[in-house]
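Listed below, chain by chain, are the residues.
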Amino acid sequence: MPPDEPRERAGAPVGRRTVVGLLALGGAGVVGGSWVQNGLARLLAPLENRDPTGLIALFPLGDTFRFYSVTGSVPTRTAASYRLAVSGLVTRPATYTLADLQALPQTRFVHDFQCVTGWRVPDVHWAGVPLSLLLRRAEPSPAARAVRFHSFDGAYTESMTLDEAHRSDVIVALQMLGAPVTHDHGGPVRMYAASMYGYKSTKWLSGIELTRDAVPGYWERRGYDIDGTIKD
Amino acid sequence: MSPPADAGPQARRRFSRAERAVHWSVTMLMTVCILTAAILYNEPLAILVGHRRAVELVHVYAGFALPLPLLLGVASIAYRADLRRLNRFTSSDWRWLRSRRRRDGTIRVGKFNAGQKVNASLTAGSIFVLLGTGLLMFFPHLARLSWRTGATFVHDWFALGLGLLVLGHIAYALKDPEARRGMRLGEVSDEWARAEHPAWADELDAEQDPNAA
């Protein structure tokens, strides 16, 4: 009998220990990953920006946008063809062009973009028209208690209560990341609600409709909370 | 006029039908997971394909199903025997991992070499970590926000690691047609068994003819 044969069946259960070790590592990563990720991102972001090889960008540092679109392809709207309709239970319905929106007073601030699944892009620069300003100009009727957002992707909708819509951190964003909102980020005009999860910030915004009650949006009909306020 | 079983090149039974069924089911589900993961994660692909909800559902359900063949396989005796072999590391396994001459046959390898054992446990562990973190991301009510951020972080890095393991696994398979035949048909040549897994070939001889040992 070959000398290796009996030992082949014996030996330490290294395989099982490896599996258990990976599970422990995964568990520790779930609990502490947010903290590690912040450190890594802070450490590597300056390098990533100057990295000529682009290799650092291949690592999942978790601090970049993931591009969500619920339809196949979204039509492009230019500065000339873009229109935003404010309608529904209002005294003064209106349609804004991009130039109209640019001419209104703008709010600027820096805030994270937080997805409900966990990923976060820290310190994004935002600029746009406060939603409360557009609502004031439209003069909602007393029956209006909620706002419904429409997207020109043809499928996406979202909603907020009228109270939420009046928060000062809810804007009709014309700029993000220090430049006009690009098409892939939902441009030329998208919503941004700083205190709510990303699914509330409708991309490719085409309509703001005042309604009696909050109508569940695209992801809300698929299980997400209608109240999208970020909770720890 | 068939030759006696012990004469000339003979087919060696390497993997049972159940084991191959597990392997190829996992292959199918893993392929779906990797392709959909690429669409969900890679910016140009995500923009090109869109349909986030549909892609996500395919990814998530393929991911939920992925561990099932691994668990169902336990019903098979041959599968359980190979799990035991993959689990146990002997002193010659550690020597094999450290040695530069691991491929020249001086260290007599059993049914699985130490590299295959390492790959098996890393792959199995990663699949279960990806399942757990995937659940936390898919059902946001299960955990608080910072844990979901942690789950996303872990899911990303383990996916990267598992992707590299799968690439390595395929690269080794591409180099070895006989090993592929073993997983496709269940049989390998005696010559290959003696060259790549001599201690295993001896074991099979001993089982067939106890007096030969």
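For the structure, check the block above.
To start, this report covers the structure provided alongside it. (Residues numbered from 1 in each chain as written. Chains lettered and ligands numbered in written order. Predicted model: local features only at pLDDT ≥ 70, side-chain atom pairs only at ≥ 80, totals over all residues.)

### Considerations on the overall build of chain A
Alright, step 1. Looking only at helices and strands, one finds 5 helices and 10 strands in chain A.
Alright, step 2. Overall, chain A is about 95 × 40 × 30 Å in size when its C-alpha atoms are taken along their principal axes.
Alright, step 3. Considering only residue pairs separated by 6 or more positions, chain A has 63% of its internal contacts joining residues 24 or more positions apart. (Helix = DSSP H or I, 4+ residues; strand = E, 2+ residues; numbered from the N terminus. Contact = placed C-beta atoms within 7 Å.)

### Points about the interface of chain A and chain B
Alright, step 1. Contacts between chain A and chain B engage 47 residues on the former and 51 residues on the latter.
Alright, step 2. If you list the elements that add at least two residues to the side of chain A that touches chain B, you get α1 (4-9) and α2 (14-50) of chain A.
Alright, step 3. By residue class, the composition of the side of chain A that touches chain B is 19 nonpolar, 16 polar and 12 charged. (Nonpolar A, V, L, I, M, F, W, Y, C, P; charged D, E, K, R; others polar.)

### Here we look at the sheet that holds strand β6 (residues 157-161) of chain A
Residue and element names in this part refer to chain A.
Alright, step 1. Within the open sheet, the 5 strands sit side by side as β2-β1-β10-β5-β6. Their pairing is mixed. Only two strands of the sheet have a single partner each, and these edge strands are β2 (94-96) and β6. Direction aside, neighbouring strands of the sheet carry axes that sit 20° apart on average. (Pairing = 2+ DSSP bridges. Axes fitted to C-alpha atoms, helices over the stretch in contact; angles between N-to-C directions.)

### Quick word on the nonpolar core
All names here are of chain A.
Alright, step 1. Grouped together as the largest cluster of nonpolar side chains are 41 residues, with contacts concentrated most on L134, I171, V172, A173 and V189.
Alright, step 2. Residue assignment for this core shows that the elements contributing at least two residues are β1 (84-88), β4 (120-130), α4 (131-138), β5 (146-151), β7 (170-176), β9 (190-193) and β10 (205-211).
Alright, step 3. Considering each element in turn, this core owes the most residues, 6 residues, to β7.
Alright, step 4. Apart from the residues within four sequence positions on either side, A173 is in contact with W126, A127, G128, V181, R190, M191 and Y192. (Core = buried A, V, L, I, M, F, W, Y, C linked by C-beta atoms within 7 Å. Buried ≥ 20, exposed ≤ 12 C-beta atoms within 10 Å, placed from the backbone.)

### Details of the environment of L35(B)
All names here are of chain B.
Alright, step 1. By the secondary structure assignment, L35 is in helix α1 (residues 17-41).
Alright, step 2. Exposure remark for L35: the 15 C-beta atoms within 10 Å place this residue in the partly exposed category.
Alright, step 3. Once the C-alpha coordinates of L35 and D176 are considered, the two residues, 141 residues apart in sequence, prove to be 25 Å apart.

### A short note on the pairing of β4(A)
Residues and elements named next belong to chain A.
Alright, step 1. In terms of strand pairing, strand β3 (residues 107-114) meets β4 through 7 bridges, oriented antiparallel. Bridge pairing in β4 links F109 to W126.
Alright, step 2. Joining the antiparallel neighbours β3 and β4 is a turn of 5 residues, in which G118 adopts a positive phi near 130°.
Alright, step 3. Alignment of β4 against β7, held across 5 bridges, turns out to be antiparallel. By the bridge assignment for β7, P130 is matched with I171.

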